[in-house]
Amino acid sequence: MTRLAKLVLLAVALFALAQLVPFRVKNHPVVSEPNWDSARTKQLFAAACADCHSNQTRPRWYEKVAPVSWWINHHVEDGRAALNVSECGRGREGGHEGPETVREGSMPPSYYTWFGLHPDAKLTATERQQLADGLTATARLGCTK
């Protein structure tokens, strides 16, 4: 067996073993939601933010394959810790920093739409402003139980 064949076999074995490490996104039950100021805000949030900031993440097939699944799981856990609309009222940001991160363009992160992925999350300047304004208004309305 050649050296290259051994390396390929080792890489395949390591890849297969990596699939046994169970770091995948888990969707917990929705505890409470914001009182959305409008259907448009909820729609924009669902398109651009919900995969990381709610318990309703919709992972794509490739996001379930290690090691990508590990990175996605970590990213979603961080996002939910900062703001999770499925557990309204919890999180570091509590909904107050979200509008500013949307306005300045750091959310959703640019890599979220790389290679045409998540095309609905690619917001225009107008949509970005609508979402930021809607998030500000929604934060004032509180949560439903």
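Everything numeric in this text was worked out from a predicted model, so none of it was measured. (Residues numbered from 1 in each chain as written. Predicted model: local features only at pLDDT ≥ 70, side-chain atom pairs only at ≥ 80, totals over all residues. Heavy atoms only, no water.)

What to know about the overall build of the protein
Next up, step 1: Across its full length, the protein holds six helices and two strands.
Next up, step 2: Listed by position from the N terminus, the elements making up the protein come as α-β-α-α-α-α-α-β.
Next up, step 3: Whereas a compact globule of 145 residues would reach a radius of gyration of roughly 15 Å, the protein reaches 18 Å, over 25% beyond that.
Next up, step 4: Taking all 145 residues of the protein together, 36% fall into the buried category.
Next up, step 5: In the protein, of all internal contacts separated by at least 6 residues, the share reaching a separation of at least 24 is 77%.
Next up, step 6: Working note: accessible area of the protein is about 9,000 Å², and carbon and sulfur atoms make up 63% of it.
Next up, step 7: Each charge sign in the protein was given a centre, from 17 positive and 14 negative side chains, and these centres are 9 Å apart. (Helix = DSSP H or I, 4+ residues; strand = E, 2+ residues; numbered from the N terminus. Rg over C-alpha atoms; globule rule 2.2 N^0.38 Å. Buried < 20%, exposed > 50% of the residue type's maximum accessible area, 1.4 Å probe, protein only. Contact = heavy atoms within 4.5 Å. Areas by Shrake-Rupley, 256 points an atom, 1.4 Å probe, with all protein chains shown as cover. Lys, Arg positive; Asp, Glu negative; His and termini not counted. Charge placed at Lys NZ, Arg CZ, Asp CG, Glu CD.)

Overview of the side chain of Thr 138
Next up, step 1: Along the polypeptide, Thr 138 turns up in helix H6 (residues 125-141).
Next up, step 2: Among the polar contacts made by the side chain of Thr 138, one reaches the main-chain carbonyl oxygen of Gly 134 at a distance of 2.8 Å.
Next up, step 3: The contact partners of Thr 138, leaving out residues within four places of it in the chain, are Pro 34, Asn 35, Trp 36, Asp 37 and Thr 41. (Polar contact = N/O pair within 3.5 Å; in protein donor to acceptor, adjacent residues only side chain to side chain.)

Comments concerning H6
Next up, step 1: The first and last C-alpha atoms of H6 sit 25 Å apart over 17 residues, in line with the 24 Å expected at 1.5 Å per residue.
Next up, step 2: Taken together, the buried positions of H6 are occupied by Arg 128, Leu 131, Ala 132, Gly 134, Leu 135, Ala 137 and Thr 138.
Next up, step 3: Contact partners of the buried residues in H6: strand S1 (33-34), helix H2 (39-48) and helix H5 (98-104).
Next up, step 4: Following H6 by one or two positions, Gly 142 adopts a phi angle in the positive range, close to 80°. (Expected span 1.5 Å × (residues − 1).)

Looking at the state of the cysteines
Next up, step 1: Summed over all chains, the structure comprises one disulfide.
Next up, step 2: Bridging Cys 88 to Cys 143, the disulfide has an S-S length of 1.9 Å. Of note, the bridge from Cys 88 to Cys 143 carries an S-S torsion of about -70° and is left-handed in sense. Pair noted here: Cys 88 is in the loop between helix H4 (68-82) and H5 and Cys 143 is in strand S2 (residues 143-144), with a separation of 55 residues, a long-range link.
Next up, step 3: In this model Cys 49 remains outside any disulfide bridge; the closest cysteine sulfur is found in Cys 52, 8.9 Å from its own. (Disulfide = S-S within 2.5 Å.)

Observations regarding the environment of Gly 105
Next up, step 1: Here Gly 105 lies in the loop between H5 and H6.
Next up, step 2: Separated by 23 residues in the primary sequence, Gly 105 and Arg 128 have C-alpha atoms spaced 7.9 Å apart.

A word on the confidence of the model for the protein
Next up, step 1: Of the residues in the protein, 94% have a pLDDT of 70 or more, and the chain-wide mean is 90.
Next up, step 2: H2 holds the highest mean pLDDT among the elements of the protein, 96, whereas S2 holds the lowest, 82. (pLDDT = per-residue confidence, 0-100.)

A look at the packing of H2 against H6
Next up, step 1: Axis separation between H2 and H6 bottoms out at 9 Å; the angle between their running directions is 115°. Between H2 and H6, the crossing angle belongs to the class labelled roughly perpendicular. The two elements H2 and H6 cross, and the hand of that crossing is left-handed. Where H2 abuts H6, its residues Arg 40, Thr 41, Leu 44 and Phe 45 lie against Glu 127, Gln 130, Leu 131, Gly 134, Leu 135 and Thr 138.
Next up, step 2: Taken together, the residues that form the contact of H2 with H6 break down as four nonpolar, four polar and two charged. (Axes fitted to C-alpha atoms, helices over the stretch in contact; angles between N-to-C directions. Parallel < 35°, antiparallel > 145°, perpendicular 65-115°, else oblique. Left-handed = near helix turned anticlockwise from the far one by under 90°. Nonpolar A, V, L, I, M, F, W, Y, C, P; charged D, E, K, R; others polar.)

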